[in-house]
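The residues making up each chain are set out below.
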Amino acid sequence: MTTTLRPTAPEQRGPGGARSRSYEVCVNSRPVGTVDLATDLRFGPTAGRILRLSIGERDRHRGRGTVAALAAEEVLRGWGCTRIEVSVDAGAEVGLGLAGALGYVERSRTMAKTLTAAPRLPAGSEGRRMTDAEYTGWREASRAAYVQEWIDRGVPPEQARAKADADDRALLPDGAATAGTMLRVLTHEGTRVGTLWVALRDEGPDEPDAFVYDVEVVPAHRGRGHGRSLMLLAEAEALAHGARTLGLNVFAGNAPALGLYAALGYAPTAFHLYKPLL
C-alpha cells in the first residue's frame, strides 16, 4: 500500500518567507487522516513545523502516522527547511512515542499549576517593582541569555536572534509598560537576589491565565532557595491580578529547575521537540 500526502488547499505564503499548507493523508488514494504544515514564524523560513497530524481511528496502529510524518519531513525539505519542530500534548503517549521513534529530541516542556491561596515569601524576602533603570540592564542580559539557551540546544544563531526579536515584539511591545506585564525584583534582607517576569495571557480556556517568561537568581546568590522564592512571588502576583492558573516553559536538561517546579506542584502540559532535516 502507498501512503501519500494530498494537498487540500492552495499553499499560503506570508511575509519573511512564511509558508503553510494542509494535506490529506491517503493510503492508495483513500483519505485516512490530515496533516497541517508551516514554517515556524518565530525562527524563520528554514524551520518547519508539523502543526497537526491526525489519523482516523479505524486506521490507527498500522504505521500510517509514521509514514505521514516522514512524508511531511520530505515536504518541508522541499521548502528549504533544515529543522522540524513539533509540540505534543503531555497526555498523548502515542504521539510522544512516535516522535521518539522518528528521532525527535525534547528541547523544552510547558508546565502549569492551578493556583489557590497566595503563598507567603520566606522571612527576609520581599518582592518589589523593577525600576526603569533596572529594566534596561535586565532586558539586555535576559535577552542575551535567552538567545544563548536556544543556540546551546541546536538552533542556529541567526534563528535564535530572530526568535528573541519576535518574542520581544509580541510580549513586550511597550517595554516595561506593556499591559498585563509584571516585572519584579526579589530582595533578601535588603540585597537584590533575583528578577522575575510574569504576564497575564488570554489564549483560550485550555491555556494558563498567566505565564512565567523569565526567572533568574543572581549568580552569587544561587543555591540558597531564592529560585523557589521567585516562583512563590510569581504565584502571588498572578493571583493578585486575577489569574487562577500559571504556566512556564523549562528547557530539557535543566534538572534543578525541573525538580523545583515539580516540587511546587507544576505538571507537564506539552513537550516541544525538534529534529534536524539532513
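This write-up is about the structure you can find in this document.

1. Here we look at unusual backbone geometry
One non-glycine residue, N28, lies in positive phi territory at about 50°. As for its position among the elements, N28 is in the loop between β3 (19-27) and β4 (30-40). The backbone of E189 shows a phi angle near 50°, a positive value even though the residue is not glycine. Mapped onto the fold, E189 is located in the loop between β9 (181-188) and β10 (191-200). Overall, E189 belongs to the exposed group, its relative accessible area being 65%.

2. Structural notes on the pattern of salt bridges
Taken as a whole and judged by the stated rule, the model has 26 salt bridges. Across the salt bridge formed by D36 and R52, the nearest N and O atoms sit 3.3 Å from each other. Of this pair, D36 sits in strand β4 while R52 sits in strand β5 (residues 44-55), and the two are 16 residues apart along the sequence. Overall, the relative accessible area of 40% leaves R52 in the partly exposed class. The closest approach of N and O atoms between E207 and R201, which form a salt bridge, is 3.7 Å. Judged by its relative accessible area of 19%, R201 falls in the buried class.

3. Some details on the environment of T187
Within the secondary structure, T187 is located in strand β9. Put simply, T187 and T4 are 183 residues apart on the chain and 59 Å apart in space, counted from C-alpha to C-alpha.

4. Regarding the environment of R49
One can find R49 in strand β5. Judged by its relative accessible area of 13%, R49 is buried. When residues no more than four places from it in sequence are discounted, the contact partners of R49 are D36, L37, A38, D40, R42, L76, E85, V86 and S87. A distance of 3.0 Å separates the side chain of R49 from the side chain of D40, its partner in a polar contact. Reaching out from R49, the side chain makes a polar contact with the side chain of S87 at a distance of 3.2 Å.

5. Comments concerning the packing of helix α3 (residues 132-152) against helix α4 (residues 157-171)
Each pair of packed helices can be summarised by the angle the axes make with each other and by the distance between the axes. Two numbers describe how α3 lies on α4: the axes approach to 9 Å, and their chain directions differ by 135°. Looking at the two axes, α3 sits oblique to α4. Once α3 is placed against α4, the crossing between them reads as right-handed. In contact with R139, R143, Y146, V147, W150 and I151 of α3, α4 contributes P157, A160, R161, K163, A164, D165, D167 and D168. Tallied by class, the residues present in the contact of α3 with α4 amount to seven nonpolar, no polar and seven charged.

6. Thoughts on the pairing of β10
Among the 10 residues in β10, seven count as buried, and that is most of the element. Bridging between β9 and β10 involves eight bridges; their strand directions are antiparallel. When the bridges of β10 are listed, M182 appears paired with V198. Joining the antiparallel neighbours β9 and β10 is a turn of two residues, in which E189 adopts a positive phi near 50°. Direction of pairing for β10 relative to strand β11 (residues 210-217): antiparallel, over a ladder of seven bridges. Pairing of A199 across the sheet is with F211, part of β11.

7. A word on the side chain of T39
Relative to the helices and strands, T39 resides in strand β4. Classification of T39 as buried rests on a relative accessible area of 7%. Every residue in contact with T39, bar those within four places of it in the chain, is listed here: G17, A18, R19, G44, P45, A47, G48, W79 and C81.

8. Things to note about the side chain of R139
You can see R139 is positioned in helix α3. Look past the residues within four positions of R139 in its chain and what remains in contact with it is D168, L172 and W197.

9. Thoughts on the pairing of strand β6 (residues 83-89)
Among the seven residues in β6, five count as buried, and that is most of the element. Bridging between β5 and β6 involves four bridges; their strand directions are parallel. Among the inter-strand pairings, G48 is bridged to a residue of β6, identified as I84. Read from β5 through helix α1 (residues 64-78) to β6, the crossover connection turns out right-handed. As paired elements, β6 and strand β13 (residues 267-276) share seven bridges and run antiparallel to each other. Looking at the pairing, E85 lines up with Y274 of β13.

Conventions adopted
Residues numbered from 1 in each chain as written. Predicted model: local features only at pLDDT ≥ 70, side-chain atom pairs only at ≥ 80, totals over all residues. Heavy atoms only, no water. Helix = DSSP H or I, 4+ residues; strand = E, 2+ residues; numbered from the N terminus. Buried < 20%, exposed > 50% of the residue type's maximum accessible area, 1.4 Å probe, protein only. Salt bridge = Lys/Arg side-chain N within 4 Å of Asp/Glu carboxyl O. Contact = heavy atoms within 4.5 Å. Polar contact = N/O pair within 3.5 Å; in protein donor to acceptor, adjacent residues only side chain to side chain. Axes fitted to C-alpha atoms, helices over the stretch in contact; angles between N-to-C directions. Parallel < 35°, antiparallel > 145°, perpendicular 65-115°, else oblique. Left-handed = near helix turned anticlockwise from the far one by under 90°. Nonpolar A, V, L, I, M, F, W, Y, C, P; charged D, E, K, R; others polar. Pairing = 2+ DSSP bridges. Right-handed = clockwise from strand over helix to strand, strands pointing away.

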